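Chain residues, written in single-letter form:
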Amino acid sequence: MRVIIVGAGEVGLHVAQVLSREHHEVTLIETSEEVARRVGMALDVQVRAGNGADPRVLEEAGIAQADMLLAVTGSDEVNILSCLMASSLTRLPVKVARVRDQAYEAALDQLRGEPYRIDLCLHPEREAAHMALQLMEIPSGREVAEFAEGKVLLVSTGMDSTSPFLNRRLRDVQAGVAPGGKILIAALRRGDSLIIPHGEDLVLEGDQVFLVAERERVLEALKSLGKGIQTPQRVILYGASKIAQYLASILEEKPFSVKFICSDQALCNRLLAQFKRVAVLCGEGTDQDLLLEFNVQDADYFISASEDEEENILVALLAKRLGAKRTMALVSRLSYISLVSSIGVDVVLNPQMAAVDKILRHVRKGEVLRVATLGGETAEALEAFVGHRSELLHKPLREIRFPREAIIGAVIRESAILIPHGETVLREGDRVVIFAKRGAVPYVERLLMAQEELG
């Protein structure tokens, strides 16, 4: 696939890195010559310095031969204009624009139609706010991904010293957590390694366990693993970012007690007038006395979401030390994710990852409905239709040469959710949720589609 990416920010760089690793032809357009030079030295992609909304620059980048344009600069106007220019130059199959300003939201439906044909409008901050809400609704979950219109969840949680299943074989853990085979343990993360486990593998303290189950069975599984399942009631938000404001607006409509700390006095005044059920206090999140005044020690969830990611990490750690039961920090740099998780922050929220997942759905071959990046970028979970030429059809799963580093976690057949086993036979039209390490994704794509369809 030939992909042109406009903008070398966090989203653009990460997508370029992922796609180039998978041997797609990537051209990155960046206005700053210095940034373009550094990117060209760091990544195995073509880089052009220029304005991605300039038709001449797009033509020089090969827009006529491209399969996809991703416009992900920090400017909504540039992103929209890049897509419109591409539409005027060629019948590009897929165009994606990052659009964050609410003023444009009313026009998004028009932008998706003719003659503009923008296929996807990304809103990373809003996606991240909804991701935060999902995590709050699954107590003790570190990562959550929804599939089958929310009926199937993939949830990760840490194994601590209180778990009754430590140092037990996976087959015994599976039987204890989910008698009757209603839940699947799809993977273990141990340190920096992700393991697609087998029955004889041991579950150790410190492991991160990935579960696949119907939504209504997830809390039951977490409880069996010795995890708390009480839904949070008292939430404290810190920060002036768009994500913090979106999340506060959502939480105001939920049955939570919500407090909002913000260091920007003008924004505090506006929020005081805007919110009816959210208590707002102006001050710095690093102020221990302020946190205690807001009863941080009684908070079920403390979410640090300012524009400064180092501050978010520090404030989340301070809140944890003062007694907050669970903490979440907004972190933009993907390289920070594994580090932050290891030093005591319970959940890392990354808006770039949410945007990348939306884009990958359009990159993956086959009828892919949903993609989620998990395990600190080391793995992918995807939901896809089983096509009529798929190699997965008409024989038991145990007879299929499925890659060792991938596993089918669930099958959606009409209205039924099946947790598969070795004797399960897939049918045309089934939807499958597959968890795979990055390196196994191309093989999974090949199984979902016939060789001739892959091109």
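What counts as what
Residues numbered from 1 in each chain as written. Predicted model: local features only at pLDDT ≥ 70, side-chain atom pairs only at ≥ 80, totals over all residues. Heavy atoms only, no water. Buried < 20%, exposed > 50% of the residue type's maximum accessible area, 1.4 Å probe, protein only. Helix = DSSP H or I, 4+ residues; strand = E, 2+ residues; numbered from the N terminus. Pairing = 2+ DSSP bridges. pLDDT = per-residue confidence, 0-100. Contact = heavy atoms within 4.5 Å. Salt bridge = Lys/Arg side-chain N within 4 Å of Asp/Glu carboxyl O. Axes fitted to C-alpha atoms, helices over the stretch in contact; angles between N-to-C directions. Parallel < 35°, antiparallel > 145°, perpendicular 65-115°, else oblique. Left-handed = near helix turned anticlockwise from the far one by under 90°. Nonpolar A, V, L, I, M, F, W, Y, C, P; charged D, E, K, R; others polar. Phe/Tyr/Trp six-rings, centres within 6.5 Å; stacked < 30°, edge-to-face > 60°. Lys NZ or Arg CZ within 6 Å of the ring centre and 35° of its normal. Core = buried A, V, L, I, M, F, W, Y, C linked by side-chain atoms within 4.5 Å.

A. Geometry of the pairing of strand 10 (residues 183–190). With seven of eight residues buried, strand 10 is to be regarded as a mostly interior element. In terms of strand pairing, strand 10 meets strand 13 (residues 208–214) through six bridges, oriented antiparallel. By the bridge assignment, arginine 189 is partnered in strand 13 with glutamine 208. Taken together, the three bridges between strand 10 and strand 11 (residues 193–195) define a ladder with antiparallel strand orientation. Pairing of arginine 190 across the sheet is with serine 193, part of strand 11. Hairpin remark: strand 10 followed by strand 11, antiparallel, with two residues in the connecting loop; positive phi at glycine 191, about 65°.

B. Quick peek at the confidence of the model for the chain. Looking at the chain, pLDDT values average 89 and 97% of them are 70 or higher. With pLDDT under 50 throughout, residues 451–455 is counted as low confidence; its partners more than four residues away or in other chains account for eight contacts.

C. Representation of the pattern of salt bridges in the model. Overall, the coordinates contain 27 salt bridges when judged by the stated rule. With a closest N to O distance of 3.5 Å, lysine 358 and glutamate 127 form a salt bridge. Residue lysine 358 is found in helix 14 (residues 351–363), and its partner glutamate 127 is found in helix 6 (residues 124–137); the two are separated by 231 residues along the sequence. In this structure lysine 358 comes out as partly exposed when scored by relative accessible area, which is 35%. The exposure class of glutamate 127 is partly exposed, given its relative accessible area of 31%. Arginine 326 serves as the salt-bridge partner of aspartate 346, at 3.8 Å between the closest nitrogen and oxygen. Within this pair, whereas aspartate 346 is found in the loop between helix 13 (337–342) and strand 19 (347–349), its partner arginine 326 is found in the loop between helix 12 (309–322) and strand 18 (327–330), the two being separated by 20 residues in sequence. A residue is classified by how much of its surface remains accessible, and aspartate 346, at 18% relative accessible area, is buried. Sharing partners across several salt bridges, the network here consists of Glu22, Arg364, Glu380 and Arg438.

D. Broad picture of the packing of helix 1 (residues 10–21) against helix 14. Where helix 1 contacts helix 14, the two axes come as close as 10 Å, and the packing angle between them is 45°. For the element pair helix 1 / helix 14, the angle class is oblique. The two elements helix 1 and helix 14 cross, and the hand of that crossing is right-handed. Across from Glu10, Val11, His14, Val15, Val18 and Leu19 in helix 1, the residues of helix 14 making contact are Gln352, Met353, Ala355, Val356, Ile359, Leu360 and Val363. Its residues assigned to classes, the contact of helix 1 with helix 14 shows 10 nonpolar, two polar and one charged.

E. Region of the structure containing the sheet that holds strand 6 (residues 120–122). The parallel open sheet is built from six strands, whose spatial order is 3-2-1-4-5-6. The open sheet has two edge strands with one neighbour each: strand 3 (46–49) and strand 6. For this sheet, the mean angle separating the axes of adjacent strands, direction not counted, is 15°. Relative to strand 3, strand 2 (residues 25–30) runs parallel, the two sharing four bridges. Bridge pairing in strand 3 links leucine 28 to valine 47. Against the sheet, helix 14 engages strand 4 (68–71), strand 5 (94–98) and strand 6, with an angle of about 160° to strand 6.

F. Looking closely at the packing of aromatic side chains. All chains considered together, the criterion is met by one aromatic pair. The interplanar angle of 45° and the centroid separation of 5.3 Å between the aromatic rings of phenylalanine 210 and phenylalanine 435 together place this pair among those described as tilted. In this pair, phenylalanine 210 sits in strand 13 while phenylalanine 435 sits in strand 24 (residues 431–437), placing the two residues 225 residues apart along the sequence. Each of the two residues, phenylalanine 210 as well as phenylalanine 435, counts as buried. The lysine or arginine in question, lysine 259, covers the ring of phenylalanine 294, its NZ or CZ lying 5.5 Å from the ring centre. The cationic tip of arginine 370 hangs over the ring face of phenylalanine 147; the distance from NZ or CZ to the ring centre is 5.6 Å.

G. Molecular detail of the nonpolar core. Within the largest apolar cluster, 53 residues are counted, with the highest numbers of intra-cluster contacts made by Leu211, Leu237, Leu251, Phe260, Tyr301, Ile303 and Met328. For leucine 211, the residues in contact, after removing those within four places along its chain, are Leu153, Leu154, Val155, Ile183, Leu184, Ile185, Ala221, Leu222 and Leu225. If you look at the next biggest cluster of nonpolar residues, it comprises 47 residues, including Val94, Val386, Ala436 and Met449.

H. Representation of the side chain of glutamine 174. Structurally, glutamine 174 can be placed in helix 7 (residues 170–177). Classification of glutamine 174 as buried rests on a relative accessible area of 18%.

I. The arrangement of the pairing of strand 21 (residues 379–385) in detail. Counting buried positions along strand 21 gives six out of seven residues, so the element sits mostly inside the fold. Where strand 20 (residues 368–374) meets strand 21, six bridges bridge the pair, whose relative direction is antiparallel. Each bridged residue has a counterpart across the sheet, and for leucine 374 the counterpart in strand 21 is alanine 379. The turn joining strand 20 and strand 21, which pair antiparallel and follow one another in sequence, is formed by four residues; a positive phi near 65° is taken by glycine 375. Sheet topology places strand 21 next to strand 24; seven bridges connect them, and they run antiparallel. Bridge pairing links alanine 381 to phenylalanine 435 in strand 24.

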